[in-house]
Amino acid sequence: MKPYNKTVCPHCGSNCHSIKTKQQTRMVREVTYACQNKKCEFMFVAQINPIRTIVPSQDPSPDIHIPKLV
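1. Overview of the nonpolar core
Nonpolar side chains in soluble globular proteins generally cluster together in the buried interior.
Then, in step 1: Counting residues in each nonpolar core, the largest one holds six residues, listed as C9, C16, V31, Y33, C35 and F44.
Then, in step 2: If one sorts the elements of this core by residue count, strand β3 (residues 29–35) sits on top with three residues.
Then, in step 3: The residues touching Y33, leaving out its near neighbours within four places in the chain, are N5, K6, T7, C16, H17, S18, F42, M43, F44 and A46.

2. Here's the deal with the environment of I19
Then, in step 1: Topologically, I19 is positioned in strand β2 (residues 15–23).
Then, in step 2: For I19 and I64, which are 45 residues apart along the polypeptide, the C-alpha to C-alpha distance reads 28 Å.
Then, in step 3: Those residues in contact with I19 that lie beyond four places of it in its chain are T32, A34 and M43.

3. A word on the packing of aromatic side chains
Then, in step 1: Overall, the coordinates contain two aromatic pairs when judged by the stated rule.
Then, in step 2: Ring geometry for Y33 against F44: centres 5.4 Å apart, planes inclined by 25°, an arrangement best described as stacked. Here the residue Y33 occupies a position in strand β3, and F44 occupies one in strand β4 (residues 43–48), the gap between them amounting to eleven residues.
Then, in step 3: Classification of Y33 as buried rests on a relative accessible area of 10%.
Then, in step 4: Pairing F42 with F44 gives two aromatic rings, centres 5.3 Å apart and planes at 20°, and the pair type is stacked.
Then, in step 5: Residue class for F42 comes out partly exposed when judged on its relative accessible area of 27%.
Then, in step 6: Three or more aromatic residues joined by ring pairs form one cluster here, namely Y33, F42 and F44.

Conventions used here
- Residues numbered from 1 in each chain as written.
- Predicted model: local features only at pLDDT ≥ 70, side-chain atom pairs only at ≥ 80, totals over all residues.
- Heavy atoms only, no water.
- Core = buried A, V, L, I, M, F, W, Y, C linked by side-chain atoms within 4.5 Å.
- Buried < 20%, exposed > 50% of the residue type's maximum accessible area, 1.4 Å probe, protein only.
- Helix = DSSP H or I, 4+ residues; strand = E, 2+ residues; numbered from the N terminus.
- Contact = heavy atoms within 4.5 Å.
- Phe/Tyr/Trp six-rings, centres within 6.5 Å; stacked < 30°, edge-to-face > 60°.

Shown next as structure tokens:
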């Protein structure tokens, strides 16, 4: 599966590509995005964190609690 490293610019609707990522905690990663539209060039930081479990870990950490998909 090919990684998906883009999102849509909240200002102009063009594609934004990730240019940098940084793990903040075990549950939070920050991603810096840059708009590809030369008339816009917006850059922003987004956070990624797990919000629900689809398939449970076979080796779960006792201090990580992510709700199950219902």
